[in-house]
Amino acid sequence: MVPKKLFIAFEGIDGSGKTTQILLLKKVLVNLLYPTTITKAKEESQEVAFKDFMKAFEINSDSPAFMFLYQALHRKQFEKTLTALENGDIVIADRWNGSFFVYHLNFGMLAKGPRENIELLDKLAFQDLTPDITFLLDVPPHIAFQRRIRRGETDTFDAETVRFYEKVYEECRTFAICNNWTIINGTFPIETIHRKIWGIVSEKLGQ
Ligand code: ADP
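Just so you know, these numbers come straight off a predicted model, no measurement behind them.

Caption draft 1: How the structure looks around the pattern of salt bridges. This structure, assessed with the given rule, holds 13 salt bridges. Close ionic contact of Asp-14 with Arg-148 constitutes a salt bridge, the shortest N to O distance being 4.0 Å. A residue pair is termed long-range when its members are at least 10 positions apart, and Asp-14 in the loop between strand S1 (6-11) and helix H1 (18-31) and Arg-148 in helix H7 (residues 141-150) qualify at 134 residues. Residue class for Asp-14 comes out partly exposed when judged on its relative accessible area of 22%. Judged by relative accessible area, which is 6%, Arg-148 ranks as buried. Here Asp-94 ties to Lys-40 by a salt bridge, and the two come within 3.6 Å at their closest N and O atoms. You can see Asp-94 sitting in strand S3 (residues 90-94) and its partner Lys-40 sitting in strand S2 (residues 36-40), a full 54 residues away along the chain.

Next up, the structure:
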């Protein structure tokens, strides 16, 4: 198989179906013999170590220190992505700098300062490496919550969390429109969404 550089990112709130769609897409690509790498700032398997680290260093998730810690993870994801692309892999990123922007424009210490601060930090981590396609899985928060409850993540969401996700959801949609992302209705059945995504990716690959 001739290496084909393709960098695809998935965005969407927690529970929108990113992991599900990324794994399905990778499966098709690998079956077609495209070497494919998934990158993510923080893997599920690293969650315990990450939480232990935060606890040991007394870092709260709403603190500036947390923002810098995450910045390191973004940078690491960038490095893995670049290496894989240079090796000729197709890379699928589970979130990229769109999530970074949406979060920092609206929450935390950076939201209070000039936008240039966010742009500078974004550049330091992601170095203007822009996906060829960014999919936004559009799933309203109340549906994403139901899915997360069903997968046993939690029993309920408090009012503050609900407000947070509603804001993130709205801001993400606005950002997606402004940045020409491909918005996919993520409330359809898994297979339907996958076919839509594969239709777009296969066209890019000339399949
Ligand atoms: P994310 O990675 O965005 O947090 P996941 O892919 O882990 O989302 O999906 C969250 C949950 O919702 C999982 O239990 C998954 O099986 C389920 N799910 C994913 N896509 C759909 C869909 N289109 N319809 C119904 N349930 C879905």
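Caption draft 2: Spatial organisation of the state of the cysteines. Tallied over the full model, the rule gives zero disulfides. Sulfur of Cys-172: no disulfide; nearest cysteine sulfur belongs to Cys-178 and is 12 Å away.

Caption draft 3: Region of the structure containing the pairing of strand S4 (residues 133-138). For S4, the tally of buried residues reaches six of six residues, placing the bulk of the element in the interior. In S4, alternate side chains face the same way, and those of Ile-133, Phe-135 and Leu-137 on one face and Thr-134, Leu-136 and Asp-138 on the other are all buried. Pairing analysis gives four bridges linking S1 to S4, with the strands arranged parallel. Following the sheet pairing, Glu-11 is matched in S4 by Leu-136.

So, how was this worked out
- Residues numbered from 1 in each chain as written.
- Predicted model: local features only at pLDDT ≥ 70, side-chain atom pairs only at ≥ 80, totals over all residues.
- Heavy atoms only, no water.
- Salt bridge = Lys/Arg side-chain N within 4 Å of Asp/Glu carboxyl O.
- Helix = DSSP H or I, 4+ residues; strand = E, 2+ residues; numbered from the N terminus.
- Buried < 20%, exposed > 50% of the residue type's maximum accessible area, 1.4 Å probe, protein only.
- Disulfide = S-S within 2.5 Å.
- Pairing = 2+ DSSP bridges.

On their own, these measurements won't tell you what the molecule is for.
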